[in-house]
Amino acid sequence: MFVSPARPEQQEKPILTNGIKIFVLLFFCLPFAILLLQSFSAGWQWPRLLPGTFSWRAWQSLSREPRMIPAISITLLIGLAVSLINLILGIPAGKGLAHYRFRGKSLVEAVFLLPLLIPTLAVVMGIHIFMIRVGLTNTVWGVILVHVIPTLPYTIRIFRHAFENLGSKWEEQAATLGASQLTIYRTVWLPLLIPSIHSALMLSFVISLSQYALTAIIGGGNVVTLAMVYFPYFQSSNRSVLACFTVIFALLPLSFYLLMYSLYKLFIRGPGHYRGC
Amino acid sequence: MRSLGLNNHKPYLLVLPALIFFSLFVLYGIGTVFAESLNLSLNTGSSIVKYYIELAEKPGFWSGLILSLQVSAAATLLSIIIGVYLARQFYRRVPDSIWHALAWLPMLIPHFAAGYLAVLLLSQSGWFSGLLAQVTLIQETSRFPVLVNDKNGLGIIVTYLWKEIPFVLLMSMPVYRRMDWRYEDVVRTLGGGQWQVFKTVEWPALLPVLVETGIILFAFIFSAFELPYLLGVTYPKMISVMAYQWFYEGSWSNRPLAMALMTVSTVMVLIVAVVLLGLIQGKRYRMMRGR
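These notes cover the structure that comes with them. (Residues numbered from 1 in each chain as written. Chains lettered and ligands numbered in written order. Predicted model: local features only at pLDDT ≥ 70, side-chain atom pairs only at ≥ 80, totals over all residues. Heavy atoms only, no water.)

**Focus: the environment of Glu65(A)**
All names here are of chain A.
Move 1: By secondary structure assignment, the location of Glu65 is in the loop between helix 2 (57–63) and helix 3 (68–99).
Move 2: The class for Glu65 is buried, based on a relative accessible area of 12%.
Move 3: Taking the C-alpha atoms as reference points, Glu65 and Val229, 164 residues apart in sequence, are found 9.7 Å from one another.
Move 4: A polar contact of 2.9 Å, which involves the side chain of Glu65, links it to the side chain of Arg67.
Move 5: Side-chain polar atoms of Glu65 contact the side chain of Tyr233, separated by 2.6 Å. (Helix = DSSP H or I, 4+ residues; strand = E, 2+ residues; numbered from the N terminus. Buried < 20%, exposed > 50% of the residue type's maximum accessible area, 1.4 Å probe, protein only. Polar contact = N/O pair within 3.5 Å; in protein donor to acceptor, adjacent residues only side chain to side chain.)

**Structural notes on the environment of Leu252(A)**
Residues and elements named next belong to chain A.
Move 1: Following the sequence through the fold, Leu252 ends up in helix 11 (residues 239–267).
Move 2: Separated by 46 residues in sequence, Leu252 and Val206 have C-alpha atoms that sit 8.7 Å apart.
Move 3: Ignoring sequence-local partners within four residues, the contact set of Leu252 consists of Ile72, Thr75, Leu76, Phe205, Leu209 and Leu226. (Contact = heavy atoms within 4.5 Å.)

**As for the interface of chain A and chain B**
As a measure of interface size, the accessible area lost when the parts come together is often cited.
Move 1: Opposite the 100 residues of chain A that make contact, chain B presents 107 residues.
Move 2: Buried surface at the junction of chain A and chain B, summed over both partners, amounts to about 9,400 Å²; 75% is from carbon and sulfur atoms.
Move 3: Together, Trp46(A), Tyr100(A) and Met125(A) form the three largest contributors to the area buried by chain A at its contact with chain B, with a combined 8%.
Move 4: For the pair chain A and chain B, the interface holds 1 salt bridge. (Buried area = accessible area lost by both parts, 1.4 Å probe. Salt bridge = Lys/Arg side-chain N within 4 Å of Asp/Glu carboxyl O.)

**What about the nonpolar core?**
Move 1: In this structure, Phe112(A), Tyr230(A) and Phe245(A) are the most contacted members of the largest nonpolar core, which totals 188 residues.
Move 2: For this core, the element with the highest residue contribution is helix 9 (residues 194–223) of chain B, accounting for 15 residues.
Move 3: Not counting residues up to four positions away in its chain, the partners in contact with Phe112(A) are Ala93(A), Leu97(A), Pro153(A), Ile156(A), Val15(B), Ala18(B), Leu19(B) and Phe22(B). (Core = buried A, V, L, I, M, F, W, Y, C linked by side-chain atoms within 4.5 Å.)

**Considerations on the pattern of salt bridges**
Where charged atoms from two side chains of opposite charge approach closely, those side chains can pair.
Move 1: For the structure on display, the rule yields 10 salt bridges over all chains.
Move 2: Across the pair Glu65(A) and Arg67(A) runs a salt bridge, and its minimum N-O distance is 2.9 Å.
Move 3: In this structure Arg67(A) comes out as partly exposed when scored by relative accessible area, which is 39%.
Move 4: A single network of salt bridges, built from pairs that share partners, joins Arg88(B), Arg92(B), Glu184(B), Arg188(B) and Glu202(B).

Structure representation (structure tokens):
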């Protein structure tokens, strides 16, 4: 792989540069601003561009929803479990694909790509009867397992790229110095992989958070994640309450990120400043 | 890259857990869907493809299928075009990572939550309609076009754009970062302009990634349930919503129809994927050797 020595020189075109920045602000950021305003508004009359009065009323009425706290807890629990299973299955698979050539590799690659092509809705419909038979429907474990289906292909991709970029020299060096497999994983790969672990955890968590149909089919209404509470609200509830609910959906990945960050600060000691390169 | 002898089983051990998981769930799942979509009760005169015939005669099937195709094709193509343009401009003009981070914000929230943003901003009594009224372009909410819960899926397309452009950025920015810009100097020395640079330097490097991104996006949008359910209309219904409702309703009598519909959509996605991959095969091979 060739790394370019320098970014191409640009003729100054400040209008275009500012245009791009304005587009980013209007298209990607403005909706979040309107959402926040809406969540704190008490009556926002059309066609005003800002709410007339601000209040906590919508937040208070959402906090009176009894399913809220249990739903957030179960959603976090499922998201956490899904992300961890992703790491356990995804890191070795990514390494196997990145560092080895073996017979049947392209077949394995195809199978790993399939879940991105085959509709997960179809997969879940297909395994429904099987899940009933083994007693996994209506359980948190069943929901966790089906959430791994749409997330794992991305995780494998992330780690495959990471291991390809890191190469196998680090591992060989550690092995030459007499480190065991476990020590190599803990002291060489783990610190080097932290940026990728971050991406994989976040991606798995957000995808798990976004599942409604899969959770409804396998959870059967018994596993009440936040999405299960949100959908009925979408049609019936008032705008400000739904805005608060939507803000929570944006806050959960952020808090998950902070939680994971503090967890690995606690558990992973040693040189933490390596950057993969 | 190590090339190992046949007696080495290490790579197999590494990929095996994920392989077992996918075989158990995905391969078994799709196999069952296909099996259940066939009419295997051997009654006199009933065809093995009975449910497919029923499906083709269902009111709303064809219009739903066309709507699904339109929405997924439009959302995929537009996200890729806008996403690549943005990646290009980001790389050349806006290198500060704070702007990249802002553009990635939509990846943080679920699709259905993004659907609510579409309602807030684009519905007839939404923020944009208010903005148009402030500049006296419209006088009442009913003059604003129906963009959310509309028959053509416009609200769904715009919401997918908002969610997927960041994904295209995520996939194409690395390509820009490792591009060999000496080629650009060559093109410029030979008198080529912006378009020539894009066509001869950037496009060949982007193409494999874009095809892959496009397949992932098309497959996802074509079969996702959440957004079409919230932002769609009762008729025509996108096929994922149709299948979900047939599958989930109390009586199981429509389940074979749902299975047939899911088989049809799987086959369509696979056809699109194979055609697109086939298109780039030769090129990709040339590129890989060139590296």
